[in-house]
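Survey of secondary and tertiary structure
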Amino acid sequence: MTDSSPYVPPKVWTWDKDNGGAFANINRPIAGPTHDKELPVGKHPLQLYSLGTPNGVKVTILLEELLALGHTGAEYDAWLINIRDGDQFGSGFVDVNPNSKIPALLDRSGAEPLRVFESGSILLYLAEKFGAFVPKDIAGRTETLNWLFWQMGSAPYLGGGFGHFYAYAPTKIEYAIDRFAMEVKRELDVLDRRLADNEYLAGSEYTIADMAVFPWYGGLVKGWAYGAAEFLSVHEYQHVQRWADQLYARPAVKRGRMVNKVTGEPSEQVRERHSASDFDGKTLA
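The structure displayed is predicted, hence computed values, not measured ones. (Residues numbered from 1 in each chain as written. Predicted model: local features only at pLDDT ≥ 70, side-chain atom pairs only at ≥ 80, totals over all residues. Heavy atoms only, no water.)

What follows is about the UniProt feature "domain: GST C-terminal" (unreviewed entry) in the chain. Following the UniProt record, one finds the feature "domain: GST C-terminal" (unreviewed entry) at residues 137–279. Helix makes up 61% of residues 137–279 and strand makes up 0%, while its end C-alpha atoms are separated by 35 Å. (UniProt positions renumbered as here; feature names shortened; annotations may be inferred. Helix = DSSP H or I, 4+ residues; strand = E, 2+ residues; numbered from the N terminus.)

Here's what the structure looks like:
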């Protein structure tokens, strides 16, 4: 028999490590490293430490798009950081990102290594470094940043909110699922209305805004996230569907989705990426 009495928060919250959640073994209320571990360094100036989650995929899509444009300086080593194993709490990773979240980038092309963390910051840094995927005119640049920061503010409702309570929480809580499902559908409607009259989020030009939003909301409408496509009636968002299909048809997007991927078919995984040849024999599907 279950206890149906309402939860009353205590006066002082304490950490219960045995909460039963899917990520209970790595979530904690303190920062800093848990163990000493240096990060590997490859041959390229750009060293990416990441995992093929939506936040990680944003950056690998951009890097592959830059390489497709001929920016040879965007060659990179992508090292796997397995967050379920707590790799993000190694001392070397924390030195690059004190927030212990993937992705994290180390640019070793200058006199001193430069760390860049938070996915939106990495996208903007790389776009400005190579002069690509952010419009030069003030109106286009501003609209791109509007949607980039929209994604940064909205995705926590999708991932940490809806995704957690719908797919990962140890118990299904109707209020929590309803609350976040409502918000995610509102966000999808925001995107659908924008894309009804625009080819891409910033207008007619493909930008880092699309690369930021696609792994989260494109993945959601294509059925890649949380097994929730039917639950959220994603077929209703026809303009988001069109946009997601258009982006996924790009070879660089397909390659970017494969980097640091640890789930799905082995033929679609490039767990570490150090050169274009790492995609040889893989299925770009």
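Quick look at the packing of aromatic side chains now. All told, the structure shown has 14 aromatic pairs when counted by the stated rule. Summarising the aromatic geometry, the rings of F162 and F231 are spaced 6.0 Å apart at their centres and angled 20 degrees between planes, so their arrangement reads as stacked. Pair noted here: F162 is in helix α4 (residues 138–168) and F231 is in the loop between α6 (208–221) and α7 (238–248), with a separation of 69 residues, a long-range link. Taking the relative accessible area as the measure of exposure, F231 reaches 41% and is therefore partly exposed. (Phe/Tyr/Trp six-rings, centres within 6.5 Å; stacked < 30°, edge-to-face > 60°. Buried < 20%, exposed > 50% of the residue type's maximum accessible area, 1.4 Å probe, protein only.)

This next bit is on the packing of helix α3 (residues 119–130) against α4. Where α3 contacts α4, the two axes come as close as 10 Å, and the packing angle between them is 155 degrees. Considered as vectors, α3 and α4 are oriented roughly antiparallel to each other. In the packing of α3 onto α4, the handedness of the crossing is right-handed. Within the contact between the two elements, α3 uses S119, G120, L123, L124 and E128 and α4 uses R141, L145, L148 and M152. For the contact of α3 with α4, a count of residues per class yields 5 nonpolar, 2 polar and 2 charged. (Axes fitted to C-alpha atoms, helices over the stretch in contact; angles between N-to-C directions. Parallel < 35°, antiparallel > 145°, perpendicular 65-115°, else oblique. Left-handed = near helix turned anticlockwise from the far one by under 90°. Contact = heavy atoms within 4.5 Å. Nonpolar A, V, L, I, M, F, W, Y, C, P; charged D, E, K, R; others polar.)

Counted at 1.5 Å a residue, the expected span for α4 with its 31 residues is 45 Å, and the 42 Å between its end C-alpha atoms agrees. Its axis deflected by about 35 degrees at S154, α4 carries its strongest bend there, up to four residues before the proline P156. (Expected span 1.5 Å × (residues − 1). Bend = angle between axes of the 7 residues up to and from the residue.)

On the UniProt side, "domain: GST N-terminal" (unreviewed entry) is annotated at positions that read residues 47–134 here. For residues 47–134, helix accounts for 38% and strand for 19%, while the C-alpha atoms at its two ends are 22 Å apart.

Here we come to the sheet that holds strand β2 (residues 76–80). One key point about sheets: their strands pair by backbone hydrogen bonds, in either a parallel or an antiparallel sense. The strand order β2-β1-β3-β4 describes an open sheet built from 4 strands, whose pairing is mixed. Strands with a single pairing partner mark the edges of an open sheet, and in this sheet they are β2 and β4 (114–117). Shown here is a sheet whose adjacent strand axes are inclined to one another by a mean of 20 degrees, direction ignored. With 5 bridges connecting them, strand β1 (residues 46–50) and β2 associate as parallel partners. Bridge pairing in β2 links L48 to A78. Along the sheet, helix α1 (residues 54–68) contacts β1 and β2; its crossing angle with β1, the most-contacted strand, is approximately 150 degrees. Lying over the sheet, α3 contacts β1, β3 (104–107) and β4, oriented at roughly 130 degrees with respect to β4. (Pairing = 2+ DSSP bridges.)

A full pass over the atoms with the stated rule returns 12 salt bridges. Between R255 and E64 there is a salt bridge, with its nearest N and O atoms 3.1 Å apart. With R255 in helix α8 (residues 251–258) and E64 in helix α1, this residue pair connects regions lying 191 residues apart in the sequence. Using a relative accessible area of 3% as the deciding quantity, one classes E64 as buried. (Salt bridge = Lys/Arg side-chain N within 4 Å of Asp/Glu carboxyl O.)

What follows is about the nonpolar core. Counting residues in hydrophobic clusters, the biggest one holds 64 residues, and the most contacted among them are L126, I208, Y217 and W243. With 10 residues, the top contributor of residues to this core is α6. If we skip the residues at most four places from it in the chain, L126 touches L46, V59, L62, L63, L66 and L105. Listed in part, the 9 residues of the second largest apolar core include Y49, L51, I81 and V96. (Core = buried A, V, L, I, M, F, W, Y, C linked by side-chain atoms within 4.5 Å.)

Along the chain, the position of N97 falls in the loop between α2 (91–96) and β3. Accessibility expressed as a relative area gives 0% for N97, which makes it buried. Once you skip the residues sitting within four places of it in the chain, N97 turns out to touch P103, A104 and F117.

Further remarks concern the environment of G218. Summarising the element assignment, G218 is placed in helix α6. By relative accessible area, which is 0% here, G218 ends up buried.

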